[in-house]
Amino acid sequence: MNRRPGNQPPVGRQLRAGDLFEVTAAASVQFTVRPIVFRLIRVLDWVTFDGWIWLDGYQLDAKGDAVARRSIFVQPAGLRRLTEVSAPRPRRVPNSGRHASTGTARPVRPSASRTASSPRNER
């Protein structure tokens, strides 16, 4: 195993937290069958072979949501930088008291309490 001063190849210094990559077989044989989209948290300073690095980050689904935190061993030259994943799903907004179909205010329901004019209270 060849050790490089600083424990990471020069390419590793170009990687920044938040970078988005498609990781395929060009980066490591473990991604031959199923490439992944990966958002980088950090480059790990673990000792590796020349031309290889450990990355810590999140595997993303097609919507751009993190599905797993992973540490992966890759060749940075094989990483394909992405600019974006498909748009993240919109967050649900709490119901604002309006009917979804008409956009009008909900009718107010009468109170469940009985009033003095109710037949049961006339004893």
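Relevant structure appears above.
Bear in mind that the values here come from a model prediction, so they are computed numbers and not experimental data. (Residues numbered from 1 in each chain as written. Predicted model: local features only at pLDDT ≥ 70, side-chain atom pairs only at ≥ 80, totals over all residues. Heavy atoms only, no water.)

A. Just the overall build of the chain, in detail. Helices and strands together make up the secondary structure of the chain, namely zero helices and five strands. Counting the 123 residues in the chain, one finds 27% classified as buried. When contacts within the chain are restricted to residue pairs at least 6 apart in sequence, long-range pairs at least 24 apart make up 44% of them. Here the chain displays about 9300 Å² of accessible surface, and carbon together with sulfur accounts for 51% of that area. (Helix = DSSP H or I, 4+ residues; strand = E, 2+ residues; numbered from the N terminus. Buried < 20%, exposed > 50% of the residue type's maximum accessible area, 1.4 Å probe, protein only. Contact = heavy atoms within 4.5 Å. Areas by Shrake-Rupley, 256 points an atom, 1.4 Å probe, with all protein chains shown as cover.)

B. Representation of the packing of aromatic side chains in the model. Summed over all chains, the structure comprises three aromatic pairs. Ring centres of Trp 52 and Phe 73 lie 4.9 Å apart, and the angle between their planes is 20 degrees; this geometry places the pair in the stacked category. Note that Trp 52 is positioned in the loop between β2 (36–44) and β3 (53–60) and Phe 73 in strand β4 (residues 66–74), a separation of 21 residues in sequence. With a centroid separation of 5.0 Å and an interplanar angle of 35 degrees, the aromatic rings of Trp 54 and Phe 73 are classed as tilted. (Phe/Tyr/Trp six-rings, centres within 6.5 Å; stacked < 30°, edge-to-face > 60°.)

C. Structural context of the sheet that holds β4. The five strands lie next to each other as β4-β3-β2-β1-β5, forming an open sheet whose pairing is antiparallel. This sheet does not close on itself; its edge strands, each paired only once, are β4 and β5 (80–82). On average, adjacent strands in this sheet sit at an angle of 40 degrees to one another, irrespective of strand direction. As paired strands, β2 and β3 are joined by seven bridges and run antiparallel to one another. (Pairing = 2+ DSSP bridges. Axes fitted to C-alpha atoms, helices over the stretch in contact; angles between N-to-C directions.)

D. Examining the nonpolar core more closely. By size, the foremost hydrophobic cluster in this structure holds 13 residues, and its most contacted members are Leu 15, Val 23, Phe 38, Leu 55, Ile 72, Val 74 and Leu 79. Put simply, the parts of the chain that give this core at least two residues each are β1 (20–23), β2, β3 and β4. Per-element tally for this core: the top contributor is β2, with three residues. The contact partners of Leu 55, leaving out residues within four places of it in the chain, are Leu 15, Phe 38, Leu 40, Arg 42, Val 43, Leu 44, Arg 70, Ser 71, Ile 72, Val 74 and Leu 79. One finds Leu 20, Leu 60, Leu 82 and Val 85 within the second-largest nonpolar core, a separate group that totals five residues. (Core = buried A, V, L, I, M, F, W, Y, C linked by side-chain atoms within 4.5 Å.)

E. Summary view of the pattern of salt bridges. Scanning the model with the defined rule gives four salt bridges in all. With a closest N to O distance of 2.8 Å, Arg 81 and Asp 19 form a salt bridge. Highlighted residues: Arg 81 in strand β5 and Asp 19 in the segment before β1, separated in sequence by 62 residues. By relative accessible area, which is 46% here, Arg 81 ends up partly exposed. For Asp 19, a relative accessible area of 15% gives the class buried. Residues Arg 69 and Asp 56 are paired through a salt bridge, measuring 2.7 Å at the closest nitrogen-oxygen approach. Of this pair, Arg 69 sits in strand β4 while Asp 56 sits in strand β3, and the two are 13 residues apart along the sequence. Using a relative accessible area of 51% as the deciding quantity, one classes Arg 69 as exposed. (Salt bridge = Lys/Arg side-chain N within 4 Å of Asp/Glu carboxyl O.)

Take it as geometry only, folks, not as evidence of what the structure does.
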